[in-house]
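# Structural characterization, general
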Amino acid sequence: MFFHVILTTECNSQCRYCYGEALDDVDEDFSDIEVDYSLPSKINYDIESLRRFCERDPDCVLTFYGGEPLLCLDEIKQIMDETKPKLFMMQTNGLLLDHLEPDYVNRFHTILVSVDGDEALTDFNRGIGTFKKVVGNMKLIKKNGFSGELIGRMTVMENTDIYKQVKWLLQNDEFPFSSIHWQLNAGFWKKDLTRRDFARWSEECYNPGTSKLVRFWVDQMEKKGIVLRLYPLLGVAESILSGENECLLRCGGAWINYAIQTDGQIVPCPTMWGMKSFYLGHIKTADPMRLQKVSVGQPCSGCSSLRLCGGRCLYANVMKRWSPEAYDHVCKTVQNLLDAVSEQMPRIVKLLEDGRIRFRQFEYIKYNGCEIIP
Ligand code: SF4
Ligand code: SF4
């Protein structure tokens, strides 16, 4: 099982699509969902209960999450000293990576660092100076011996040219990423819809860009024998190759991947913190192997793409922050991605048959924080 450990609800960044939207959405009602706004801002349960909880699952993976988890350096170190999960991972904005000693950083199997693309785009979304600081920190942890997987995690919206920005992250001279994942900022807020241009952008820019990226991805397999770790493409292709004929939420949310709030309550995913009707137990008493599973409802449950899509996002499915018409454009991006990868499968299969690439190049640790379906 995978558990996001929410160390704090506070953050040292004020990104447009998170802090800015949260301010705007603050007076939005959550209809019949009761939200606990009084959660402690910092982890307030004893680490011993986390140790005991984790010990009950031999394959427990703990992923530090926030807010910004690196605001809780002491708690990170204490958890890493006192609990024994199979793996540690972290999702961070990267600004404070230089504050955690290499002895700890080097124990992470995977670190996902938020970066939206080149310096101009990243700094526009996340604040001036963010890009240079984060790249400096990533170079530093590499120099200090970090050898785990470093995944560039993009948040994508109308100011992103997906083809250009993913290629830039792969090929730039400052810090070329070998692993990239992205998620669409779509369907998470309510008030953003009126000022968004999602439908036009997704049709004219994002969908053609994604299809072009898939062709580029397979071109690289042909020319260099490499399978670039572009997670949305990797995950879909891996499923097709392994003949997976049913998939649950690809983020693992509410069936293999859960989140532990700052008060120790377990929720289906980090975005659902405080949603009382989704509280699934407390780490002091819950059995990690017997947590309740929650599935997506309509429209996903009746969708012909569910088999490969998995439902995209439980939070979006439950909350329905966007109207059905608006969310339909998100589903069209999913369909486009699935079609674009499916269309290229004959080329991929031929490369595998010819021995120019291997199936193991498509393998990855599932539920590592990459939701696969953006
Ligand atoms: S394509 Fe849309 S409706 Fe269909 S399963 Fe995915 S998110 Fe749900
Ligand atoms: S994709 Fe949705 S359900 Fe899954 S972890 Fe992200 S916010 Fe939660």
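Preceding this section is the structure that the text describes.
Residues numbered from 1 in each chain as written. Chains lettered and ligands numbered in written order. Predicted model: local features only at pLDDT ≥ 70, side-chain atom pairs only at ≥ 80, totals over all residues. Heavy atoms only, no water.

Let us now look at the pattern of salt bridges. Going through the model one piece at a time under the given rule, you end up with 23 salt bridges. Ionic pairing is found between Glu149 and Arg229, a salt bridge with its closest N-O pair at 3.1 Å. With Glu149 in strand β5 (residues 149-156) and Arg229 in strand β7 (residues 229-230), the pair connects residues that are 80 residues apart, well separated along the chain. Per residue, the accessibility class of Glu149 equals that of Arg229, and both read buried. Overlapping salt bridges, with partners in common, bring together Glu48, Arg51, Arg52 and Glu55 in one network. (Salt bridge = Lys/Arg side-chain N within 4 Å of Asp/Glu carboxyl O. Helix = DSSP H or I, 4+ residues; strand = E, 2+ residues; numbered from the N terminus. Buried < 20%, exposed > 50% of the residue type's maximum accessible area, 1.4 Å probe, protein only.)

Attention shifts here to the site of ligand 2. Every residue close to ligand 2 is listed here: Gln183, Cys251, Cys269, Thr271, Arg312, Cys313, Leu314, Tyr315 and Glu371. Residues that form the shell around ligand 2 fall into these classes: five nonpolar, two polar and two charged. (Near = heavy atom within 4 Å. Nonpolar A, V, L, I, M, F, W, Y, C, P; charged D, E, K, R; others polar.)

Tracing the backbone through its elements, the reader meets Thr83 in the loop between α3 (73-82) and β3 (87-92). Given a relative accessible area of 2%, Thr83 falls into the buried group. A distance of 2.7 Å separates the side chain of Thr83 from the backbone oxygen of Ile79, its partner in a polar contact. Filtering out sequence-adjacent residues up to four positions away, Thr83 remains in contact with Ile47, Leu50, Arg51, Leu62 and Phe88. (Polar contact = N/O pair within 3.5 Å; in protein donor to acceptor, adjacent residues only side chain to side chain. Contact = heavy atoms within 4.5 Å.)

This part is about the sheet that holds β7. The nine strands lie next to each other as β7-β6-β5-β4-β3-β2-β1-β8-β9, forming an open sheet whose pairing is mixed. Of all strands in the sheet, those bounded by a partner on one side alone are β7 and β9 (266-267). Where strand β1 (residues 2-6) meets strand β2 (residues 61-65), five bridges bridge the pair, whose relative direction is parallel. Residue pairing for β2: Ile6 is matched across the bridge by Tyr65. Of the strands in this sheet, β5, β6 (179-184) and β7 are in contact with helix α8 (residues 198-224), which crosses β6 at around 160°. (Pairing = 2+ DSSP bridges. Axes fitted to C-alpha atoms, helices over the stretch in contact; angles between N-to-C directions.)

We now examine the packing of α8 against helix α12 (residues 324-353). A pair of packed helices is characterised by two quantities: the angle between their axes and the separation of those axes. For the pair α8 and α12, the least separation of the axes is 10 Å and the interaxial angle reads 15°. In this view, α8 runs roughly parallel relative to α12, as classed from their interaxial angle. Considering the relative orientation of α8 and α12, their crossing is right-handed. Of the residues contributing to the contact of α8 with α12, the split by class is 13 nonpolar, eight polar and six charged. (Parallel < 35°, antiparallel > 145°, perpendicular 65-115°, else oblique. Left-handed = near helix turned anticlockwise from the far one by under 90°.)

Burial runs high along β3: six of the six residues are buried. Every second residue of β3 is oriented toward a common face, with Leu87, Met89 and Gln91 on one face and Phe88, Met90 and Thr92 on the other, all of them buried. Here β2 pairs with β3 via four bridges, running parallel. The residue bridging Leu62 from the neighbouring strand is Phe88, located in β3. Taking the sense of rotation as the criterion, the β-α-β connection linking β2, α3 and β3 turns out right-handed. One ladder, built from four bridges, connects β3 with strand β4 (residues 110-114); its direction is parallel. Bridge pairing links Met90 to Ile111 in β4. (Right-handed = clockwise from strand over helix to strand, strands pointing away.)

Grouped together as the largest cluster of nonpolar side chains are 122 residues, with contacts concentrated most on Phe64, Ile79, Ile111, Trp182 and Trp217. Sorting elements by how many residues they give to this core places α12 first, with eleven residues. Residues within four places of Ile111 in sequence aside, it is in contact with Met90, Thr92, Leu97, Val105, Ile141, Phe146, Glu149, Leu150 and Ile151. (Core = buried A, V, L, I, M, F, W, Y, C linked by side-chain atoms within 4.5 Å.)

Right, let's get into the packing of aromatic side chains. For the structure on display, the rule yields 16 aromatic pairs. Consider the rings of Phe2 and Tyr367, whose centres lie 5.8 Å apart with planes at 75°: the pair is edge-to-face. Taken together, the positions of Phe2 in strand β1 and Tyr367 in the segment after α12 put the pair 365 residues apart, joining distant regions of the chain. Classification of Phe2 by relative accessible area gives buried; the value is 9%. (Phe/Tyr/Trp six-rings, centres within 6.5 Å; stacked < 30°, edge-to-face > 60°.)

Here we take up the side chain of Asp118. Counting through the fold element by element, Asp118 comes out in the loop between β4 and α5 (119-126). Lys164 provides the closest opposite charge to the buried, salt-bridge-free Asp118, at an N-O distance of 4.6 Å. In this view, Asp118 contacts Phe131, Lys164, Gln165 and Trp168; residues no more than four positions away in its chain are not counted. (Lys, Arg positive; Asp, Glu negative; His and termini not counted.)

Looking now at the state of the cysteines. A full pass over the atoms with the stated rule returns zero disulfides. Unpaired in this structure, Cys205 has its nearest cysteine sulfur neighbour in Cys331, at a distance of 19 Å. With relative accessibility at 25%, the residue Cys205 sits in the partly exposed group. (Disulfide = S-S within 2.5 Å.)

Bringing the packing of helix α2 (residues 47-55) against α3 into the picture now. Packing of α2 against α3 leaves a shortest axis separation of 10 Å and a crossing angle of 45°. In terms of axis orientation, α2 runs oblique to α3. Between α2 and α3 lies a crossing whose hand is right-handed. Residues Ile47, Leu50 and Arg51 of α2 pack against Gln78, Ile79 and Glu82 of α3. Its residues assigned to classes, the contact of α2 with α3 shows three nonpolar, one polar and two charged.

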